[in-house]
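Results of the structural survey
Spelled out from the first residue to the last, the chains are:
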Amino acid sequence: MLKRTCNCGQLRIGDAGKKVILSGWVDSYRDHGNLVFIDLRDREGITQLVFNPETQQEMHKLSRQLRCEWVIAASGTVRHRGEGLVNPKLATGDIEVLIDELEILNSAETPMFELQNADAVAEETRLKYRYLDLRRPKMQDILRVRHKVTKVARDFFDSKGFWEIETPFLGKSTPEGARDFLVPSRLCAGSFYALPQSPQLFKQVLMVSGVDKYFQIVRCFRDEDPRADRQAEFTQIDVEMSFVESDDVIKVHEQLVAKIWKEILGVDVKLPIRRMTYQQAMDDYGNDKPDLRFDMKLKDISDIARDCQFKVFADTIQKGGVVKGLCATGGGVKFSRSDIEKTFTNVVTAFGAKGLAWFKVIKGEQGGVDLSSNLVKFFTPEQRKAIIEKFQAKPDDLLLFVADKVVGANKALAPLRLKVGRDLGLIDDKAYELLWVMDFPLFEWNDKENRYDSLHHPFTAPVPEDIGKLDTDPGNIRSQAYDIVVNGSEIGGGSIRIHQPQIQAKVFDLLKITKQQAEDRFGFFLQALKFGAPPHGGIAFGLDRLVMFLTGTDNIRDVIAFPKTQKGQCLLTDAPSSVDQAQLDELNLRVQSHH
RNA sequence: GGGGCCGUAGCUCAAUUGGAUAGAGCAUCGGACUGUCGAUCCGAAGGUUGAGGGUUCGAUCCCCUUCGGCCUCGCCA
């Protein structure tokens, strides 16, 4: 076999005259009867091979058999292309290789789709023939970026004294959180392992074990419905540190983020990354992961709308709700009535709002400013003026409002803000706006179950000043949790953990986890806390979402080599599939058919 | 569990109000061609319209069931 001496992306004009051997896949062929051109592709690039019957008659004849995706090796001489023949689309476009020997290593059936046009091909087909799809330069770039991110992370953590330690995949099922993937045990008939939703407790135990600084690039499993940015199995960069406070964790990891941005994108992230409280984020943007590439803050006009004649507004506020909205600069002329009453209204109703109220800002009398809409009659001139002032609105702006309980209003307005921002062209695709969201509430009230739920997870520590409120005012305890957000998407989050058994017990109490339940589920961990647990905390980054950002895709399946469909199936291997009765017998399982 | 979009040749799409032998580009196969680079030119072949059922003289089109893909609400401590 001809052994390659260089790859398909490296030859340049300075290599002219060299004897080289290349191998790869036939990307395309152009057969002129006499001259034959082959674009040879490997993961590094494309190089043009030339077969000339005058210099090598036999090889030229052989080359005419070549078809797309055949695998070949060829030796020849690098030479300049002639005047006017360079191909600026290729990095190697100044040269070509005149071939004197061709070895066909393997033929290939005609691909199910043309690799060049695969962006237009149904994803179903791409996933079924994933090995073809992954051959495309675009997909290989993503694989390369993913590799580089993990390499940067490993080097970074190593340099800071972190150890990479593996934790079990076969673990214990706990009913909280996401649905578990279960694995039946053969040796313990009738018992099940659960695949980890995250290595949370193991990494905390490692801190009790004196490991001090741990990280792991680890697969996690959650049996919930997938989304465009969510897969049932996904990868976390998981970290835990001892003897730290929030600030220490944050400072280390913004260095990591800066390093990744620099190495992958060549972008300098200015440190420190800005911080915002959870409350500020909810007030101004309606969610805990604001997209700061554009401003457009939400404003609460309840103080003004309380006394207006518009019943929907007044009644909502009367019942303890709010009227909140945003100002779309220039939206009064940019958007049609159908944009507002159909498109925008659909956005908010899809997220549970009852409706959307709107006003156009117009020039008023005597050079003033006023509002115009079918609701204007319900507002006094003073109220209209106050609303305009609240937003510093100008003529041609559009004001959009939702009236609801504050949670509901935020839930509807946050996506509306994004939609309006996009439609107004306010979002710079090349910008990266990073921020830390801080001071999350420790608990949120669960109406259905009549108890508190952890916002983050039950091992998150309260901020020290708020510990007293565990007994008096649990709903207003802030936690030492932090999320890192980029362009409106959470890429990581973590917290300082509880390391005192008494506080952990109180938290379980508020979550209505009984002593017995806590013992059954986390007994080993509570025990560990009693044996000298150091103060500790950590963070986890979603590697898949990180790579999505770095490669500019909005589809998580693009950044996973072998992803699953929305039904959790692998179209390449056809998993999941039924198994032999003998396998079931061995596991003491019986399959029950539905209905 | 709910809502929405989609499924026609290997791929991407078309097909009038329900009407004749379901078309086109690319790919494939054959032929021509010495500088192409998404080569070009000539020709050929290629169909269970996702599957099953129904309505109809007649169904890609209408109805029902079902399978699959994507987006989304719920869900995701």
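A brief structural summary. (Residues numbered from 1 in each chain as written. Chains lettered and ligands numbered in written order. Predicted model: local features only at pLDDT ≥ 70, side-chain atom pairs only at ≥ 80, totals over all residues. Heavy atoms only, no water.)

**Side note on helix α17 (residues 543–551)**
An α-helical segment advances 3.6 residues per turn. Residues three or four places apart therefore align on the same side. To be explicit about the condition: Relative accessibility decides the category of a residue: with a 1.4 Å probe and only protein chains considered, values under 20% of the type maximum give buried, values over 50% give exposed, and everything between is partly exposed. Here a strand is any run of E in DSSP of at least two residues, a helix any run of H or I of at least four, and the numbering for each starts at the N terminus.
Buried residues dominate α17, accounting for seven of its nine residues. Here α17 has its buried residues at L543, D544, L546, V547, M548, F549 and L550. Looking one or two residues past α17, G552 carries a phi angle of roughly 70°, positive in sign.

**A short note on the nonpolar core**
Convention followed: In plain words, nonpolar cores are sets of buried Ala, Val, Leu, Ile, Met, Phe, Trp, Tyr and Cys residues tied together by side-chain atoms within 4.5 Å. The contact criterion used is simple: two residues touch if any of their non-hydrogen atoms lie within 4.5 Å.
Counting residues in hydrophobic clusters, the biggest one holds 67 residues, and the most contacted among them are V149, F157, I237, I260, W261 and F443. Considering each element in turn, this core owes the most residues, nine residues, to helix α6 (residues 246–265). Ignoring any residue separated from it by four or fewer positions in sequence, one finds V149 in contact with I260, I264, L543, L546, V547 and L550. If you look at the next biggest cluster of nonpolar residues, it comprises 24 residues, including V322, A328, A409 and V420.

**As for unusual backbone geometry**
Of note, the bond from L271 into P272 is cis; its omega dihedral lies within 30 degrees of zero at 0°. As for its placement among the helices and strands, P272 is situated in the loop between α6 and β11 (275–277). Look at the link from A575 to P576: it is a cis peptide, with omega at -5°. With respect to the helices and strands, P576 occurs in the loop between α17 and α18 (581–586). Phi at F243 is positive, roughly 60°, even though this residue is not glycine. Exposure remark for F243: the relative accessible area of 60% places this residue in the exposed category. Of note in the backbone geometry, D439 takes a positive phi value of approximately 55° without being a glycine. Mapped onto the secondary structure, D439 falls in the loop between β17 (434–438) and β18 (443–446).

**Comments concerning the protein's contact with RNA strand B**
Applied cut-off: The criterion for a residue being near a molecule or strand is simple. One of its heavy atoms has to lie within 4 Å of it. Here a polar contact is recorded for every N or O atom pair within 3.5 Å, except that within protein the pair must consist of a potential hydrogen donor and a potential acceptor, and residues adjacent in sequence are included only if both atoms are side-chain atoms. Classification used: nonpolar for Ala, Val, Leu, Ile, Met, Phe, Trp, Tyr, Cys and Pro, charged for Asp, Glu, Lys and Arg, polar for all others including Gly.
Neighbouring residues of RNA strand B: 51 residues in total, closest N34, E54, L85, M112 and H456. Protein-adjacent atoms of RNA strand B, using a 4 Å cutoff, are sugar or phosphate at a proportion of 54%. E124 places a side-chain nitrogen or oxygen 2.8 Å from a sugar or linking oxygen of RNA strand B. Elements with a contribution of two residues or more to the surface near RNA strand B: β1 (19–31), β2 (36–42) and α2 (123–128). The residue inventory of the surface near RNA strand B, partitioned by class, reads 13 nonpolar, 17 polar and 21 charged.

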